Structures are given as structure tokens and as C-alpha cells.
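Spelled out from the first residue to the last, the chains are:
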Amino acid sequence: MDKTQFYNMSLGLISHGEIIDISGNDPKAQKCRLYFDPVVETALSYYNWSFARKMKTPAMSAETYDGFKYCYVYPNEAVTIWQFRDEDGNLLDLNGNAAIVLSENEASRLILSNYKISKLIFTTKLLNPEMWPAAFAEATSYLLANKVCEAIAALKKEAQSKYEQYASLIEMAKSYDVENELKFFDKNLHEGYKIYNGGIF
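Here is what the cut-offs are and how they apply
Residues numbered from 1 in each chain as written. Predicted model: local features only at pLDDT ≥ 70, side-chain atom pairs only at ≥ 80, totals over all residues. Heavy atoms only, no water. Helix = DSSP H or I, 4+ residues; strand = E, 2+ residues; numbered from the N terminus. Buried < 20%, exposed > 50% of the residue type's maximum accessible area, 1.4 Å probe, protein only. Pairing = 2+ DSSP bridges. Axes fitted to C-alpha atoms, helices over the stretch in contact; angles between N-to-C directions. Left-handed = near helix turned anticlockwise from the far one by under 90°. Contact = heavy atoms within 4.5 Å. Nonpolar A, V, L, I, M, F, W, Y, C, P; charged D, E, K, R; others polar. Phe/Tyr/Trp six-rings, centres within 6.5 Å; stacked < 30°, edge-to-face > 60°. Parallel < 35°, antiparallel > 145°, perpendicular 65-115°, else oblique.

Caption draft 1: Unusual backbone geometry, seen in detail. One non-glycine residue, E106, lies in the positive phi region at around 60 degrees. Relative to the assigned elements, E106 resides in the loop between β4 (98-102) and β5 (109-113). On the basis of relative accessible area, E106 is assigned to the exposed category, the value being 60%.

Caption draft 2: Highlighting the sheet that holds strand β6 (residues 119-124). Spatial ordering of the open sheet is given by β1-β6-β3, a layout of 3 strands whose pairing is antiparallel. In this open sheet, the two edge strands, each paired with only one partner strand, are β1 (53-56) and β3 (78-85). In this sheet, adjacent strand axes meet at a mean angle of 25 degrees when their direction is disregarded. The sheet contact formed by β3 and β6 spans 6 bridges and is antiparallel. Counted as the bridge partner of A78 is T124 from β6.

Caption draft 3: Up close: the packing of helix α1 (residues 3-12) against helix α3 (residues 134-151). Contact pair α1 / α3: the axes reach a minimum separation of 8 Å and the direction vectors enclose 65 degrees. Relative to α3, the crossing made by α1 is right-handed. Along the contact surface, α1 presents F6, Y7, M9, S10 and L11, while α3 presents A137, E138, T140, S141, L144, A145 and V148. Grouping the amino acids of the contact of α1 with α3 by side-chain chemistry returns 8 nonpolar, 3 polar and 1 charged.

Caption draft 4: Representation of the sheet that holds strand β2 (residues 70-73) in the model. With antiparallel pairing, the 3 strands of this open sheet are ordered in space as β2-β5-β4. What marks the edges here is a single partner per strand, and that holds for β2 and β4. Neighbouring strand axes in the sheet, compared pairwise and without regard to direction, differ in orientation by 25 degrees on average. Strand direction decides the pairing type here: β4 and β5, joined by 5 bridges, are antiparallel.

Caption draft 5: Expanded view of the pairing of β6. Most of β6 sits inside the fold, with 5 of its 6 residues counted as buried. Bridging between β1 and β6 involves 4 bridges; their strand directions are antiparallel. Bridge pairing in β6 places M55 opposite I121.

Caption draft 6: Region of interest: the packing of aromatic side chains. Across all of its chains, the model carries 11 aromatic pairs by this definition. With 5.9 Å between their ring centres and 80 degrees between their planes, F6 and F36 make a pair best called edge-to-face. Here F6 is found in helix α1, whereas its partner F36 is found in helix α2 (residues 27-44), with 30 residues between them in sequence. Classification of F6 as buried rests on a relative accessible area of 0%. By relative accessible area, F36 is classed as buried at 1%.

Caption draft 7: Structural view of the packing of α1 against α2. Put simply, α1 and α2 touch, their axes get as near as 11 Å, and they point 105 degrees apart. It follows that α1 is roughly perpendicular to α2 by the angle criterion. Contact residues: α1 offers K3, F6, Y7 and L11, while α2 offers K28, C32, R33 and F36. Residue classes in the contact of α1 with α2 are distributed as 5 nonpolar, no polar and 3 charged.

Here it is, written out as C-alpha cells:
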């Protein structure tokens, strides 16, 4: 599924007509382009999706902050960071020992920590619909439809129902993702594997 197909799937939910050229001046295309990135990032931030998960060694920053031993650059491509691991692969609990701040030149976010972080595990900004599972694509199409409805006076009454459908479908997509991922584990499913159900603190 490419972006045009995804846009048309979303617009089909509100009977708003198909888009032939997503780069054109069609008002529908303009609204889809406007809301696409924030809508997808919202859906991606909902869960630690296996299809959008990345592991990366964080880059050190030269900036220093009182009260913290280490300063790392928050990856620009990260929607949400779910795990922090040490050099032995152990999960770090940064609660009370970390903070996120804007860099002095306001060019990036920084992760301040009293623990040495060797690996970050995060949801990346996967904006290519061709890489999404069907259930995630369907759920996200309702969220885009919700935003388009909110932007068009004649369709505002439809917005809430589209969001409620999104909320139901994104939870279903999460269940499918968990089910598919658990195929890689034995009966002791979570031994040595733990994810945070929320933010980093």
C-alpha cells in the first residue's frame, strides 16, 4: 500500500472522494499531506511495535549538566524510547536518574543519565505505509479520517466516531503484534525481556 492508496482508504471512510495525485492542489490531498506525519507518529507512539522497533547505540553529547554523569543525543528518528540497556544487555531503570532536555543550541533533545547507556530500543518514525501490517494501516486510516473530518466544517460531526473506531482498531492491532511476536518465545515468554508500558520515566 503506497501513500495514495492509504489516503484514499482514509477518505473512503468519510465518502470524501478519491485522490489521484497526492502532490497536487486538491484540498483533500492537501489535508492528507498536512496531517499524515503527526497522525502516523501518534499511532506509532501507542505501543512498542515490533515492525517499527530499532536498537541503536546512543551518540554522546559534549554538553554537561550538574547532577548527571552522562549526556546522550536523543535520536531524531525516535518516536518513543521504550528501553535502555547497559553494555551487558541488562535493562536499565532510569526512574529518578534521568531527564530529557533541549540542547543549548536547540538543535536536538538530550538524554541525561546517571547510568551509562549502551543501547536504546525505540519506535522509529516509519512513515512508509508499505512497511505497515494491515491492522496498523487500517487503524491509522481512521485516525487520519478523524483529522480530515475535524478540518472540514460539514464533516465535524463524523470526527468523534472515526476516533472511537481508531481507538478500538489500534488496540486490536496491538494484540496482533503481541501475538505475532510471542511466536518467537517459549512458554516463559517474558524472561529476560521486559518493555515499559509507557514513557521512559
